[in-house]
Amino acid sequence: MSTSAPPASLQVGAAGPPPQSTRGARAALAAVLLGFFIIMVDAMIVNVALPSIGRGLGSGMTGLQWVVDGYTLAFAAFLLSAGAVSDRIGARQAFACGLGLFVVASVVCAMAPSLGVLVAARLMQGAGAAMVVPSSLALLRETFPDPAARAKAIALWGVGGSVGAAAGPVAGGLLTLVDWRMIFFVNLPVGAVALVLLRRAQPSPRQEVPFDWIGQVAAVTAMGALTYAVIETGADGFGTARVLVAFAIAVVAAVVYVVAQARGRHPMTPLPLLRSRTMSLAVAIGFALNVGFYGMIFLLGLYLQQVHGLSALATGMAFLPMTVLTSFMGPVAARLATRFGARVPVVIGQALMAAGLLAMVTVPVGAPVWLSVLLMVPVGSGGAMAVTALVSLVLEKVPAERAGVASGVLNAARQLGGALAVAVFGALVADRAGFVSGLHTSLLTAAAIVAVSVIATVLLRPQALHRVPAAATEAG
């Protein structure tokens, strides 16, 4: 499948576009790297700035959880349909729309006069980010039709995202020295450069298929209600009426979503796609990886400031060793996958993350900060290695015309894992008196989830990693 400019009226079944020029391909890759980088930076950058945001806007733990989860929740919920939108309006066009929305929302975040406005703008950011991620992968898929060139591009994409996610706390610490609002203003110049580069790439082909409104509304409602219920459980307890109602709404919305995908004429997430052993395992692994990584960043950002008394800058710098080493994991994963198959770096990466999380539980409160800093390294680098190989595996196993949908499903699972990790772990550490106990329980829970995912990956037979049948992709 090639990627040069198709006519605006291109429909399914039309002749493919001419090959992308070398200059256009490089511009598209640079734009994708920059866009994905700032998307992942913003997923993590607020963690170090949370105490400053809380003081500036007068918010407690529950409000701060929403500053983090407002982004990751919208990210996860809209990823499901964003993949389908990317396929329908074209990857380049979808990437431009998503990044534009993200930049505008970043400006609103920076100027937010209250916590409510900040959370609303974070939701907008998440929606824009949701459009960027699957469209970035689909754009790479069509820009680099050669498998070897595509593997290198995906490895660079993974490096950009991993470095962005790991660099978020460092950047947050530095920018918070000036003002916590700077962590959002910084997105403006980076996003503008990415959009300028994107103009050099050719427009993408489109597929005209109706939008699954019922599925999208049900997905947003289910994820939002579940996250709200978990966060409010930490604040008010499980038995309160609004928590029980939120859980009930989440269950009903989830049932509606499944029915809509099973019976709808144009579901945004065709169920046969999820029945693939490859895809279902990838979803579970992605969920577990983000529980571990997002959970660790959220917990350690609070721990280093509240228990050890570090400043925002010192806390951000504590993440620097992990940031540097994480940047090398994408190429390492690509080499391992080429030589031994994708399962090897996926298993090794998850095992490193689980070991790091488990080791953190054993660190006593009085231990020096450098010990916690050292144990972040296997968590971050292991996660980066596993994610890069996992994405390559998924894109190789699904048909090209459903790359956007598949990557959307995978990344939705990842972001939902991150959102629920912040919600659950935030509830466990909400009581300052029991912070350390809640921290250990949270880390142990994350380690157990990743360990189960490692076991599932090892037990999966290689021949089960089959290509998704074409019939699985015709419904959407």
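The structure we're discussing is the one just above.
Each value, and the rule that gives it
Sequence positions are assigned chain by chain, starting from 1 and proceeding in written order. Local features in a predicted model are, by the rule used here, given only for residues with pLDDT of at least 70; side-chain atom pairs are given and counted only at 80 or more, and totals for whole chains, interfaces and linings are based on all residues. Only hydrogens and water are removed before side-chain values are computed, so all heavy atoms of the structure are retained for them. In this description a helix means any DSSP run of H or I spanning at least four residues, a strand means any run of E spanning at least two, and both kinds are numbered starting from the N terminus. Partly exposed describes any residue whose relative accessible area lies between the buried limit of under 20% and the exposed limit of over 50%, with all areas from a 1.4 Å probe on protein chains only and scaled to the type maximum. By definition, residues are in contact when any of their heavy atoms lie within 4.5 Å. Note on areas: Shrake-Rupley with a 1.4 Å probe; residue coverage comes only from the protein chains shown. Put simply, a nonpolar core is a bunch of buried Ala, Val, Leu, Ile, Met, Phe, Trp, Tyr and Cys residues held in one set by side-chain atoms that sit within 4.5 Å of each other. Here a helix's expected span is defined as the number of its residues, less one, multiplied by 1.5 Å. This arc corresponds to the set of directions leading from the helix axis out to the C-beta atoms. Residues are said to line a cavity or pocket when one of their atoms sits within 4 Å of a point; the points come from a 1 Å grid over protein atoms alone, cavities being sets where a 1.4 Å probe fits but cannot get out and pockets being open sets with protein on both sides within 12 Å along at least five of seven lines. Grid points are joined across faces, edges and corners, and a volume is the space filled by probe spheres set on the points. An axis is simply a line fitted to the C-alpha atoms; with a helix, the fit covers only the stretch in contact. Between two such axes, the angle follows the N-to-C directions and lies from 0 to 180 degrees. What sets the label is the angle itself: under 35 degrees gives roughly parallel, over 145 gives roughly antiparallel, 65 to 115 gives roughly perpendicular, and the rest give oblique. Handedness of a crossing follows from how the near helix is turned relative to the far one, being left-handed for an anticlockwise turn of less than a right angle and right-handed for a clockwise one. We define a polar contact as two N or O atoms separated by no more than 3.5 Å, with the added condition that, inside protein, one atom must be a possible hydrogen donor and the other a possible acceptor, whereas residues neighbouring each other in sequence contribute only through side-chain atom pairs. Each Phe, Tyr or Trp ring (for Trp, its six-membered ring) is paired with any other whose centre lies within 6.5 Å, and the angle between the two planes then decides the class: stacked below 30 degrees, edge-to-face above 60, tilted in between.

Colleague: Which parts of the structure should I look at to understand the overall build of the chain?
Modeller: A count of helices and strands for the chain gives 19 helices and zero strands. Considering the chain as a whole, with its 476 residues, one finds that 58% of them fall into the buried category. Restricting the contact set of the chain to residue pairs at least 6 apart, pairs at least 24 apart contribute 84%. Just so you have it, the chain exposes about 17,300 Å², and 71% of that area is on carbon and sulfur atoms.

Colleague: How do you make sense of the side chain of Gln415 when you look at a structure like this?
Modeller: For Gln415, the location among the structural elements is in helix H18 (residues 403-428). Residues in contact with Gln415, not counting those within four places in the same chain, are Thr72, Phe75, Ala76, Leu79, Asn290 and Tyr294.

Colleague: Teacher, can you tell me more about the nonpolar core here?
Modeller: Buried together is how nonpolar side chains tend to be arranged in soluble globular proteins. Counting 135 residues, the largest nonpolar core has Ile39, Leu118, Met296, Leu300 and Leu357 as the members making the most contacts within it. For this core, the element with the most residues is helix H12 (residues 277-306), which contributes 16 residues. Apart from the residues within four sequence positions on either side, Ile39 is in contact with Tyr71, Phe75, Phe102, Ala129, Val132 and Val133. Residues Ala333, Leu336, Ala384 and Met385 belong to the second largest nonpolar core, which totals five residues.

Colleague: Quick question: what am I supposed to make of helix H8 (residues 187-198) here?
Modeller: An α-helical segment advances 3.6 residues per turn. Residues three or four places apart therefore align on the same side. Between its terminal C-alpha atoms H8 stretches 16 Å, which fits the 16 Å expected from twelve residues at 1.5 Å a residue. When we look at burial in H8, the residues that qualify are Asn187, Gly191, Ala194, Leu197 and Leu198. All buried residues of H8 project into a common sector of 120° when viewed along the axis, lining one side. Buried positions along H8 lie against helix H1 (22-44), helix H4 (91-110), helix H5 (115-143) and helix H7 (182-185).

Colleague: Would you take a moment to explain empty space enclosed by the protein for this structure?
Modeller: If you roll a probe as big as a water molecule over the atoms, it shows you where there is empty space left. For the structure on display, the rule yields three cavities of 30 Å³ or more. Quantified by volume, the second largest cavity comes out at close to 90 Å³. Lining the second largest cavity, in full, are Leu300, Tyr303, Met360, Val363, Pro364, Val365, Ser372, Leu439, His440 and Leu443. Among the elements of the structure, H12 and helix H19 (435-459) are those that each provide at least two residues to the lining of the second largest cavity. Counting residues per element, the lining of the second largest cavity draws most heavily on H19, at three residues.

Colleague: Explanation requested: H19 in the structure shown.
Modeller: For H19, built from 25 residues, the straight-helix expectation of 36 Å at 1.5 Å per residue is met to within 8% by its first-to-last C-alpha distance of 36 Å. When we look at burial in H19, the residues that qualify are Phe435, Gly438, Leu439, Ser442, Leu443, Ala446, Ala447, Val450, Ser453, Val454 and Thr457.

Colleague: What's the story with the packing of H4 against H5 in this structure? I'm lost.
Modeller: Angle between the axes and distance between the axes: these two values describe a pair of packed helices. The N-to-C vectors of H4 and H5 enclose an angle of 155°; their axes lie 7 Å apart at closest approach. Regarding the angle of H4 to H5, the classification is roughly antiparallel. Crossing hand, H4 versus H5: left-handed.

Colleague: What is the right way to look at the side chain of Ser381 in this model?
Modeller: Position of Ser381 relative to the elements: it lies in helix H17 (residues 369-397). Given a relative accessible area of 7%, Ser381 falls into the buried group. At 2.6 Å, the side chain of Ser381 and the backbone oxygen of Val377 are in polar contact. For Ser381, the residues in contact, after removing those within four places along its chain, are Thr326 and Met329.

Colleague: Please clarify how the packing of aromatic side chains should be interpreted in this entry.
Modeller: What describes a pair of aromatic rings is the distance from one ring centre to the other and the angle between the planes of the rings. Across all of its chains, the model carries six aromatic pairs by this definition. Consider the rings of Phe36 and Trp157, whose centres lie 4.2 Å apart with planes at 5°: the pair is stacked. Linking Phe36 in helix H1 with Trp157 in helix H6 (residues 147-176), this pair joins segments that are 121 residues apart in sequence. Of the two residues, Phe36 and Trp157, both sit in the buried class. Geometrically, the ring pair formed by Phe293 and Tyr294 is edge-to-face, given 6.4 Å between the ring centres and 70° between the ring planes. In terms of burial, Phe293 and Tyr294 fall into one category: buried. One aromatic cluster is present, built from ring pairs that chain together Tyr71, Phe75 and Phe102.

None of the figures reported here should be taken as evidence of function without further support.
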